[in-house]
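Residue strings, one per chain:
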Amino acid sequence: MTVSVQTPVTHHVGNGVTGTFPYTFRLLDAVDLVVTVNGSTKVLGAEYTVTGLNAESGGNVVFSIIPANLDAIAFVRRVARKRDTDYQYSGDFQADTVNKDFDRIVMMAQDTATSVESALRMPAGDPSSGLLPDAAGRALKFFGFNASGDIALAPMTVGDATALALLLASYLLPGQG
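Residues numbered from 1 in each chain as written. Predicted model: local features only at pLDDT ≥ 70, side-chain atom pairs only at ≥ 80, totals over all residues. Heavy atoms only, no water.

(A) Up close: the sheet that holds strand β6 (residues 59-63). Here we have three strands laid out as an open sheet, ordered β2-β6-β5, and antiparallel in their pairing. The open sheet has two edge strands with one neighbour each: β2 (20-23) and β5 (48-50). Between one strand axis and the next, the sheet turns through 25° on average, direction left out of account. Inspection of the sheet shows β2 paired to β6 by four bridges, in the antiparallel sense. Its bridge partner lying in β6, T20 is registered against V62. (Pairing = 2+ DSSP bridges. Helix = DSSP H or I, 4+ residues; strand = E, 2+ residues; numbered from the N terminus. Axes fitted to C-alpha atoms, helices over the stretch in contact; angles between N-to-C directions.)

Below, the structure is given as structure tokens:
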């Protein structure tokens, strides 16, 4: 089976009643699916199960505990960047095995493309490095750009409404506004 062009991410919102949610991309192994509820990663087997493995259109995630109303649910395929098959010289060269290996490579590329496309990045050819300081250098600073378009960090000041908004937002869970 070939791998069609897919976006390996599916989002849902819990309603407190539904415990089964679809994912809409091909998945070869259940361990390659990252399931989060309100940003918290769930445990395969203990908190959810996966159906529809190897189906082009996807399958379902079945939660053992139903997500609450307005819970932000995300399914992201993350195929491990590894190679398990070792082809032997003059050994069997099975089409099913080779096809699955090539499918995993294409899925890895799709997963990486999704991550890159959703990342904050500079346009190709931009002269700025886009490199941020380490965590200590970024702490308690606003992120912005100077007149040249380069990254600039400015310190937060006491009494600043934006600083207060950022502080309050850091205590909210996703989906709570």
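On we go from here.
(B) Here's a closer look at helix α1 (residues 95-117). Compared with an ideal rise of 1.5 Å per residue, which puts 23 residues at 33 Å, α1 spans 33 Å between its outermost C-alpha atoms and is within 8% of the ideal. Those residues of α1 lying buried are V98, D101, D103, R104, M107, M108, Q110, D111 and T114. Where α1 is buried, its residues touch β1 (9-13) and β7 (72-77). (Expected span 1.5 Å × (residues − 1). Buried < 20%, exposed > 50% of the residue type's maximum accessible area, 1.4 Å probe, protein only. Contact = heavy atoms within 4.5 Å.)

(C) Spotlight on the packing of aromatic side chains. Evaluated as defined, the whole model comprises three aromatic pairs. Where Y23 meets F25, the ring centres are 5.3 Å apart and the plane angle is 50°; that geometry is what we call tilted. In this structure, Y23 and F25 share a single accessibility class: buried. Through a chain of ring-to-ring contacts, three or more aromatic side chains come together here, namely F21, F63 and F75. (Phe/Tyr/Trp six-rings, centres within 6.5 Å; stacked < 30°, edge-to-face > 60°.)

(D) Examining the layout of surface pockets more closely. For the largest pocket, the calculated volume is near 230 Å³. What lines the largest pocket is a set of 13 residues, among which R83, D84, T85, D101 and R104 lie closest to the centre. When grouped by side-chain class, the residues that make up the lining of the largest pocket number five nonpolar, one polar and seven charged. (1 Å grid on protein atoms, 1.4 Å probe; cavity = no way out; pocket = protein on both sides within 12 Å on 5 of 7 lines; lining within 4 Å. Points joined across faces, edges and corners; volume = space filled by probe spheres on them. Nonpolar A, V, L, I, M, F, W, Y, C, P; charged D, E, K, R; others polar.)

(E) A look at the sheet that holds strand β3 (residues 33-37). Here four strands make up an open sheet; going across it, the order is β1-β7-β3-β4 and the pairing antiparallel. Looking along the sheet, the strands with just one partner apiece sit at the ends: β1 and β4 (40-41). Pairing analysis gives five bridges linking β3 to β7, with the strands arranged antiparallel. By the bridge assignment for β7, V37 is matched with I73.

This is a description of form; function is not addressed.
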